[in-house]
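Single-letter residue listing:
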Number of protein chains: 2
Amino acid sequence: MNRKPNILFIMADQLRADYLGCNGHPNIRTPNIDALAARGVNFNRAYCQAPICGPSRMSFYTGRYASSHGASLNNAPLRIDERTLGDYLRPEGYRVALVGKTHMKRDDEGMQRLGIDPGSSLGVLVSECGFEPYERDDGLHPDQSVDPDLKYNQYLRSKGYGGHNPWHDYANSVEGDNGEVLSGWQMRHADRPARVKEVDSETAYTTRRAMDFIKEAANSPWCLHLSYIKPHWPYIAPAPYHDMYGKNDILPAARSEAELRDPHPVTAAFMQHAESREFSRDEVRERVIPTYMGLITQLDDHLGQLMAFLGERGELDNTLIVLTSDHGDYLGDHWLGEKELFHDASVRIPMIIVDPRPAADVTRGSRSSRLVEGIDLLPTFVDYVGGGKFDHILEGRSLLPLIEGRDEIQWRTHAFSENDYARRGARQTLGLPPDQAKAYMVTDGHWKYVHYEHFQPQLFDLAKDPFELEDRASDPDCAAVCQELESALFRWFRERRMRVTVSNTRVAKSTGMSHKRGYLFGLW
Amino acid sequence: MNRKPNILFIMADQLRADYLGCNGHPNIRTPNIDALAARGVNFNRAYCQAPICGPSRMSFYTGRYASSHGASLNNAPLRIDERTLGDYLRPEGYRVALVGKTHMKRDDEGMQRLGIDPGSSLGVLVSECGFEPYERDDGLHPDQSVDPDLKYNQYLRSKGYGGHNPWHDYANSVEGDNGEVLSGWQMRHADRPARVKEVDSETAYTTRRAMDFIKEAANSPWCLHLSYIKPHWPYIAPAPYHDMYGKNDILPAARSEAELRDPHPVTAAFMQHAESREFSRDEVRERVIPTYMGLITQLDDHLGQLMAFLGERGELDNTLIVLTSDHGDYLGDHWLGEKELFHDASVRIPMIIVDPRPAADVTRGSRSSRLVEGIDLLPTFVDYVGGGKFDHILEGRSLLPLIEGRDEIQWRTHAFSENDYARRGARQTLGLPPDQAKAYMVTDGHWKYVHYEHFQPQLFDLAKDPFELEDRASDPDCAAVCQELESALFRWFRERRMRVTVSNTRVAKSTGMSHKRGYLFGLW
């Protein structure tokens, strides 16, 4: 049997790299994810290309940096003609589907200008980032904007959870001491169980929908993007996961008094956000993080079920499996909440890849400290299915040489990430116009350098100061390092792939051919 | 009467800025262009964004740098969703049409992917760079690829010039001493007259087609891109323009023995091209440049007729008129032919703007040494017709403040141009892969700095060395200047406008609004 391999591309929203057992967390239980790591390669220096959902995901789905695909903000539509994963895999015979979140915003203006009907098959695909929306659910549904047809709400209603928005009222709410309903939007309620049974929670439901797809897709090769909303906020877990961990299980906050006393101006502005102020309080961390951990263990349990399901179907030896996230979560590290800035808590992501082929046996169960980026997955998948070469568009690199242990390969020397914080209060605090609230990270694995527009840079020595507590940018001893990383950033900008309409192969073939085509210029 | 103003956007292909009377050429006769300069503003530091047809024009038509629109090579298709001039002016009620050349290559792959029929109205527009192709003629028609329906060939045949390709056999061929037909592709024939009467030559025909359009468009405001192929090669002029000038009328070559002895590696590779070797010979310059000048005077005569035509129709006081070119022509300067590199002969362009409004009286007849770029025209036009603000897409700036003499305005401090020479033999000579043959120019008006990938930079002191004969980049006294211009280039890269799907105004309005929209993150 010569089946084409399947691809299971799992993303967990806002999952910190260090909140996994296989990545050294001393207390969290993630045996199934650890088992994936044991069967694959665990990349421990993987970075997202923007530490915020939308831009990071658009990078995953296009294989391009945010500066190239342009969707640098949450809800900035992806340009109608940016190619996405489906554009590469569908011609290879793949069904490319989504279960869960993408944070894709469709380019209405572009569709209108180019006469594309949003209701047509093509219109749906380009609206959904190239995925067949087997089940699209971005996982955040405030009452005022909840889709009346949200499938998960329909499901909840079918199970007896009523009302306009059971996503909020049950899955993301809890009950108080007197039975009153308390919203999960408020972090103070994070230690109470969700008002749904575990089997009806988002993570459980999403996993079942993935299984539905896999059963349905049995007749063709498939790539499934299984994209969980949790452990993203609202930080509410169903029983028993809501109180599986306690305050003694959480990692200590990576922060120092010096950071508070003399913060970088941009960090200082972010520290004023509500989420930073709250997460700087131990009471908040001690109530929220155990639930964040519970949500991760719940996810892990469901991944265990999913692996068992794949095993029973005989799919494990024919499926490339990836586990990653779109970004981390500060959880109070550095006196910050949420994400967006470039400390590892925010920008580093888990990246575990299980390649069942014998060619990958040599690295099975290993850790790799190569610099890996989220944009590497798309080229990896294209490479895996034997697709073409798209090095005039794709900015990531196939990870297969690393997975196959071809250590002689010249690998990238720097990893990059970007942040456009135009929509955050920090921009207003700093008095910046909406197109100038930008920052860029470059790391060579030893040093991490952050270039801020309009403000001084930051430099951290990851080797000596893994918690990134000491900004060395103004240290005269580090001037050469700063200059080198600034140069690397400049080089990176010059290497953006913008000539996307003609391949390098075609350019090479037509070089110097004008005369042969009859354009006889410059001849006497 | 409150008519909307018309826009006449004239481009002459490969017209050097300094081959105009109003720009100081001592011998050329361009009285009608000089009259335009006397009625408008003559910008004498205007730069194209890429000294080669296609990329330069795509910058003119999109208002964006080549690094942003991506069509960095001749015949690299413009991305299907790049907005062009018509997208901005059509919603304002304008008919936006083309007579002549664009060098636009349509994005077949993008059209196919997005289901756009090339034959539909939309398909035609996006194939033609947003212009209504009243008459598209790119002006270069080798026998082996000539469009059998080329309108100009049909016209020539109707006038008795027969055969498969009268464009070549008559308009761009000459007769030898014994009546034999000699091809205009060979520069040795440049001193003989074309085999067409002047009235049937390309410049004459194109002008009449413009008049046809203007007559036809009388009922709506219009923007006409009148885009002449000449004085671009083949360097063949009809009588009497073929021998109007002699070798004593041409400018001396801007070149030095030192340039030959110790050339920059990239310049050295370009010097090996056929056109550079030939134009380095005085015989070639003395035979070709007089004809190049004749073609310019012919163009000038036709512009005179066109202005008279507009005057008779009462359109002169309601029409913004621009005269520019897409790039220059080395003509042997610096031992080079053609264009692409960044000496002024190649990268500087004429830019004369006649604004008939009283608001422009204050600058009428003046010269401006502000740094102007080709990408400024599109925003100027949008501004002129009262269109919206598109500063999240457009990288050029409206010139109206300069034309209105608002001297207090903060203007750009640097101008930029780019060159992707992937398709030229020079790339192979230098052993570069097709995505790394890139160079960038930045000038502050005093200095011109060229950054080459993989090679040392160049620096010219335009103030002391206007012919750019002495490369100062390795002069220790110039280290600070080099560093400053390199920094300006880096800043320029960071300022590219890639977030094209959401305006700055919309971003500003939605800043910090997540909580109001119900996304209650970070609250206790």
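Every chain is numbered independently, its residues counted from 1 as its sequence is written. The order in which chains are written sets their letters, starting at A; the order in which ligands are written sets their numbers, starting at 1. For a predicted model such as this one, the threshold for reporting local features is a pLDDT of at least 70, and the threshold for listing and counting side-chain atom pairs is 80 or more; totals across whole chains, interfaces and linings nevertheless cover every residue. Only hydrogens and water are removed before side-chain values are computed, so all heavy atoms of the structure are retained for them.

- The name that an unreviewed UniProt entry assigns to chain A is Alkaline phosphatase family protein, with the source organism given as Marinobacterium rhizophilum.

## Some points on the overall build of chain A
Line of reasoning, step 1. Helix and strand content of chain A: 19 helices and 17 strands.
Line of reasoning, step 2. Along the longest, intermediate and shortest principal axes, the C-alpha atoms of chain A span 95 × 60 × 50 Å.
Line of reasoning, step 3. Within the span of chain A, comprising 524 residues, buried residues form 65% of the whole.
Line of reasoning, step 4. When contacts within chain A are restricted to residue pairs at least 6 apart in sequence, long-range pairs at least 24 apart make up 72% of them.
Line of reasoning, step 5. To measure how exposed things are, a 1.4 Å probe is used in the Shrake-Rupley method; for residues, cover is taken only from the protein chains shown. About 18100 Å² of surface is accessible on chain A, with carbon and sulfur atoms providing 48% of the total.
Line of reasoning, step 6. Taking the average place of the 62 positive charges on the side chains of chain A and the average place of its 75 negative ones, the gap between the two points comes to 5 Å. The helix count covers DSSP runs of H or I at least four residues long, the strand count covers runs of E at least two residues long, and both are numbered beginning at the N terminus. Classification of residues uses two cut-offs on accessible area relative to the type maximum, computed with a 1.4 Å probe and protein chains only: under 20% is buried, over 50% is exposed, and between them is partly exposed. In this analysis, two residues are considered to be in contact whenever any of their non-hydrogen atoms come within 4.5 Å of each other. Here Asp and Glu are counted as negative and Lys and Arg as positive; His is not counted, and neither are the chain ends. Note that the charge is assigned to NZ on lysines, CZ on arginines, CG on aspartates and CD on glutamates.

## Side note on the UniProt feature "domain: Sulfatase N-terminal" (unreviewed entry) in chain A
Line of reasoning, step 1. Following the UniProt record, the feature "domain: Sulfatase N-terminal" (unreviewed entry) maps to residues 5–386 of chain A here.
Line of reasoning, step 2. Across residues 5–386 of chain A, the secondary structure splits into 34% helix and 14% strand, with the terminal C-alpha atoms separated by 10 Å. UniProt positions are given in the numbering used here, feature names are shortened, and annotations may be inferred rather than shown by experiment.

## A closer look at the sheet that holds strand E5 (residues 132–136) of chain B
Backbone-to-backbone hydrogen bonds join strands into a sheet, with any given pair of strands oriented parallel or antiparallel.
Residue and element names in this part refer to chain B.
Line of reasoning, step 1. Two strands qualify as a pair provided that DSSP identifies no fewer than 2 bridges between them. Spatial ordering of the open sheet is given by E5-E4-E8-E1-E9-E11-E2-E12, a layout of eight strands whose pairing is mixed. Either end of the sheet is taken by a strand with one partner, and the two such strands are E5 and strand E12 (366–368). Ignoring which end each strand starts from, the neighbouring axes of this sheet average 15 degrees apart.
Line of reasoning, step 2. Both strand E4 (residues 95–100) and E5 contribute to a ladder of three bridges, which runs parallel. Axis definition: a line fit to C-alpha positions, over the contact stretch in the case of helices; interaxial angles, taken between N-to-C directions, run 0 to 180 degrees.

## Quick look at helix H2 (residues 53–62) of chain A
Residues and elements named next belong to chain A.
Line of reasoning, step 1. Of all ten residues that make up H2, ten are buried, and the element is covered over most of its length.
Line of reasoning, step 2. For H2, every residue scored as buried is listed here: Cys53, Gly54, Pro55, Ser56, Arg57, Met58, Ser59, Phe60, Tyr61 and Thr62.
Line of reasoning, step 3. Immediately downstream of H2, the backbone of glycine 63 shows phi near 70 degrees, a positive value.

## Things to note about the interface of chain A and chain B
How big an interface is tends to be stated in terms of accessible area lost as the parts join.
Line of reasoning, step 1. Contact with chain A, which involves 81 residues of that partner, is made by 81 residues of chain B.
Line of reasoning, step 2. Accessible area, probed at 1.4 Å, shrinks when two parts are joined; the buried area is that loss added up over both. Summing the contributions of chain A and of chain B, the shared interface buries around 7200 Å²; its carbon and sulfur component is 57%.
Line of reasoning, step 3. Considering only the side of chain A, the residues that lose the most area to chain B are Arg79, Arg494 and Trp524 of chain A, jointly responsible for 14% of the buried surface there.
Line of reasoning, step 4. Put simply, a salt bridge is a Lys or Arg side-chain nitrogen that is within 4 Å of an Asp or Glu carboxyl oxygen. At the junction of chain A with chain B, the criterion picks out ten salt bridges.
Line of reasoning, step 5. Measuring nitrogen to oxygen at the nearest pair gives 3.9 Å for the salt bridge that ties aspartate 420 of chain A to arginine 499 of chain B.
Line of reasoning, step 6. Pairs of N or O atoms are called polar contacts if they sit within 3.5 Å, as long as, within protein, a hydrogen donor faces a hydrogen acceptor (for residues adjacent in sequence, only side-chain-to-side-chain pairs). Counting across the interface, chain A meets chain B through 27 residue pairs in polar contact (both at pLDDT 80 or more).
Line of reasoning, step 7. The element best represented in the side of chain A that touches chain B is helix H18 (residues 479–494) of chain A, accounting for five residues.

## Concerning the sheet that holds strand E17 (residues 455–461) of chain B
Residue and element names in this part refer to chain B.
Line of reasoning, step 1. Judged by pairing direction, the sheet is antiparallel, and its four strands sit side by side in the order E14-E15-E16-E17 without closing on themselves. Looking at strand neighbours, the two that pair on one side only are strand E14 (415–420) and E17, the edges of this open sheet. Averaged over all pairs of adjacent strands, the angle between their axes in this sheet comes to 15 degrees, without regard to strand direction.
Line of reasoning, step 2. Bridge analysis of strand E15 (residues 438–443) against strand E16 (residues 447–452) gives five bridges, and the strand direction is antiparallel.

## Focus: the pairing of strand E16 (residues 447–452) of chain A
Residue and element names in this part refer to chain A.
Line of reasoning, step 1. Summarising burial for E16: six of the six residues are buried, a large majority.
Line of reasoning, step 2. Burial along E16 is two-sided: Trp447, Tyr449 and His451 and Lys448, Val450 and Tyr452, pointing in opposite directions, are all buried.
Line of reasoning, step 3. The antiparallel hairpin formed by strand E15 (residues 438–443) and E16 contains three residues in its connecting segment, where glycine 445 sits at a positive phi of about 95 degrees.
Line of reasoning, step 4. Taken together, the five bridges between E16 and strand E17 (residues 455–461) define a ladder with antiparallel strand orientation. Bridged to lysine 448 within E17 is phenylalanine 460.

## A closer look at the pattern of salt bridges
Line of reasoning, step 1. In total, this model carries 90 salt bridges over all chains according to the counting rule given.
Line of reasoning, step 2. Among the ionic pairs, arginine 209 of chain A bridges to glutamate 135 of chain A, the shortest N-O distance being 2.6 Å. Within this pair, whereas arginine 209 of chain A is found in helix H9 (residues 202–216), its partner glutamate 135 of chain A is found in strand E5 (residues 132–136), the two being separated by 74 residues in sequence.
Line of reasoning, step 3. Take arginine 209 of chain A: its relative accessible area is 16%, and that puts it in the buried class.
Line of reasoning, step 4. A residue is classified by how much of its surface remains accessible, and glutamate 135 of chain A, at 4% relative accessible area, is buried.
Line of reasoning, step 5. Where arginine 370 of chain B meets aspartate 407 of chain B, a salt bridge forms, and the shortest distance between an N and an O atom there is 3.9 Å. Residue arginine 370 of chain B is found in the loop between E12 and strand E13 (372–373), and its partner aspartate 407 of chain B is found in the loop between helix H16 (400–403) and E14; the two are separated by 37 residues along the sequence.
Line of reasoning, step 6. When its relative accessible area of 57% is taken as the criterion, aspartate 407 of chain B is described as exposed.
Line of reasoning, step 7. Salt bridges sharing common partners tie together Arg64, Arg79, Asp81 and Glu82 of chain A together with Arg64, Arg79, Asp81 and Glu82 of chain B.

## A short note on the packing of helix H9 (residues 202–216) of chain B against helix H13 (residues 282–312) of chain B
All names here are of chain B.
Line of reasoning, step 1. Following both chains from N to C, one finds H9 and H13 inclined at 20 degrees, their axes separated by 10 Å at the closest point. The angle between H9 and H13 places the two elements in the roughly parallel class. The handedness of the crossing between H9 and H13 is right-handed. Facing H9, whose interface residues are Thr203, Ala204, Thr207, Met211, Ile214 and Lys215, H13 presents Gln298, Leu299, His302, Gln305, Leu306, Phe309 and Leu310.
Line of reasoning, step 2. Each residue receives one of three labels: charged for Asp, Glu, Lys and Arg, nonpolar for Ala, Val, Leu, Ile, Met, Phe, Trp, Tyr, Cys and Pro, and polar for the others, Gly being one of them. Looking at side-chain class alone, the contact of H9 with H13 contains seven nonpolar, five polar and one charged residues. If an angle is under 35 degrees, it is roughly parallel; if it is over 145, roughly antiparallel; if it lies from 65 to 115, roughly perpendicular; otherwise it is oblique. The handedness criterion is simple: a crossing whose near helix is rotated anticlockwise from the far helix by less than a right angle is left-handed, and one whose near helix is rotated clockwise is right-handed.

## Brief notes about empty space enclosed by the protein
All names here are of chain A.
Line of reasoning, step 1. For cavity detection a 1 Å grid was placed over the protein atoms alone, and a set of points counts as a cavity when a 1.4 Å probe fits there but cannot get out; an open set counts as a pocket when protein lies on both sides within 12 Å along at least five of seven lines, with lining residues being those that have an atom within 4 Å of a point. Grid points are joined across faces, edges and corners, and a volume is the space filled by probe spheres set on the points. Taken as a whole and judged by the stated rule, the model has seven cavities of 30 Å³ or more.
Line of reasoning, step 2. Taken as a whole, the largest cavity spans an internal volume of roughly 100 Å³.
Line of reasoning, step 3. Looking at the largest cavity, the residues that line it are Val99, Gly100, Glu135, Asp137, Gly139, Tyr152, Glu202, Tyr205, Thr206, Arg209, Ser227 and Ile229.
Line of reasoning, step 4. Where the lining of the largest cavity is concerned, the elements lending two or more residues are strand E4 (95–100) and H9.
Line of reasoning, step 5. Here the lining of the largest cavity is composed, by residue class, of four nonpolar, four polar and four charged.

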